[in-house]
Amino acid sequence: PGDATMMVPAVRREIDQAQDILGYETYVKMAGPLRPEQIVHGTDNREELARARHGFELAASGRSVVIVSSGDPGVFAMAAAVLEALDDTDKPEWHGVELVILPGVSAAMAAAAKIGAPLGHDFCIISLSDNLKPWATILDRLRHAAEGDFAMAFYNPISKARPWQLGEALDLLRQYRSPETLVVLGRDVGRPTERLGHTTLGELTIDMVDSRTVVIVGSSLTRAIAKPDGTAWVYTPRWYGTKPA
Ligand code: SAH
């Protein structure tokens, strides 16, 4: 997510060994320190398939290549784009590339751990971006998750290009969950600009959220424990229904 200590050692090793590093510039910077002879191919965040293909071209020519993502590369990030690029081609030299996908600490996990254990029971992760899926599908999934009383982590909650979606998602949730439902907001988790806190579904407004925020909406059982310093631990118990004796 941004903090070097949250990068798994296997990833550090691959980055250290790579000749070419591809990725969104912000994330490439966070993947440092790099050596001067390592070649950085920084690109805009939106060109994911093009970046994946570029990675295959370099790797097929014999180069050792790393494509970086923030958090976990398999969660709304480059690993799926890399496999889509591979799926789209019959080029034997691309299929012959020695490909490994390494896990990372996803934003929801990083935020959850810092504030407690809001994902301590069943939960789902939903991207609120309707760039690559219909908004109706997102609402349908939200409704089912709400009916199932899942805790939920929202990625891509809002952006300049998608200003109204979060408000509509919250309107839907409020039909199922009480205003006291706990909500965790983690912004830039693991980065120097980190902000982490919690509020309630009743008090949450969309101006508290931006594109660098992960929003965790608790289930009906998610609770808070006040800390002596005025903040709180937020957690969802492991049990459901009635508390075991
Ligand atoms: N692969 C990333 C997610 C990419 S989708 C991961 O596993 O974390 C981009 C969304 O992830 C952002 O809109 C935001 O909701 C969330 N996100 C990514 N990094 C974050 C961080 N450090 N702090 C808070 N949210 C983050």
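Residues numbered from 1 in each chain as written. Predicted model: local features only at pLDDT ≥ 70, side-chain atom pairs only at ≥ 80, totals over all residues. Heavy atoms only, no water.

Undergrad: Residues and numbers for the overall build of the protein chain, please.
TA: Tallying secondary structure elements over the protein chain gives eight helices and 11 strands in all. The globule rule puts the C-alpha radius of gyration for 245 residues at 18 Å, and the 20 Å found for the protein chain is close to it. C-alpha atoms of the protein chain, sized along the principal axes, occupy 60 × 40 × 40 Å. By the burial criterion, 39% of the 245 residues in the protein chain qualify as buried. A fraction of 63% describes how many contacts in the protein chain between residues 6 or more apart in sequence connect residues 24 or more apart. About 13200 Å² of surface is accessible on the protein chain, with carbon and sulfur atoms providing 54% of the total. (Helix = DSSP H or I, 4+ residues; strand = E, 2+ residues; numbered from the N terminus. Rg over C-alpha atoms; globule rule 2.2 N^0.38 Å. Buried < 20%, exposed > 50% of the residue type's maximum accessible area, 1.4 Å probe, protein only. Contact = heavy atoms within 4.5 Å. Areas by Shrake-Rupley, 256 points an atom, 1.4 Å probe, with all protein chains shown as cover.)

Undergrad: Any chance you could break down the site of the ligand for me, citing the residues and the numbers?
TA: Inspection of the region around the ligand gives 20 residues, with Val-75, Ser-106, Ala-107, Ser-211 and Thr-213 positioned closest. Here a nitrogen atom of the ligand sits 2.8 Å away from a polar atom, N or O, in the main chain of Val-75. In the model, a nitrogen atom of the ligand is placed 2.9 Å from a nitrogen or oxygen of the Val-189 main chain. (Near = heavy atom within 4 Å. Polar contact = N/O pair within 3.5 Å; in protein donor to acceptor, adjacent residues only side chain to side chain.)

Undergrad: Which residues make up the packing of aromatic side chains, and what values do they have?
TA: For the structure on display, the rule yields four aromatic pairs. Ring plane angle 80° and centroid distance 5.0 Å describe the contact between Tyr-24 and Tyr-27, whose orientation is recorded as edge-to-face. Taken together, a centroid distance of 5.4 Å and an interplanar angle of 80° make the contact between Trp-135 and Trp-164 edge-to-face. Of the two residues, Trp-135 is situated in helix 7 (residues 135-147) and Trp-164 in the loop between strand 6 (151-155) and helix 8 (165-174); the sequence distance between them amounts to 29 residues. (Phe/Tyr/Trp six-rings, centres within 6.5 Å; stacked < 30°, edge-to-face > 60°.)

Undergrad: So, the environment of Pro-36: which residues are in play, and what are the values?
TA: When you line up the elements, Pro-36 lands in the loop between helix 2 (25-30) and strand 2 (39-43). Residue classification places Pro-36 among the exposed residues on the basis of a relative accessible area of 80%. As for Pro-36 and Trp-94, which are separated by 58 residues in sequence, their C-alpha atoms are 27 Å apart.

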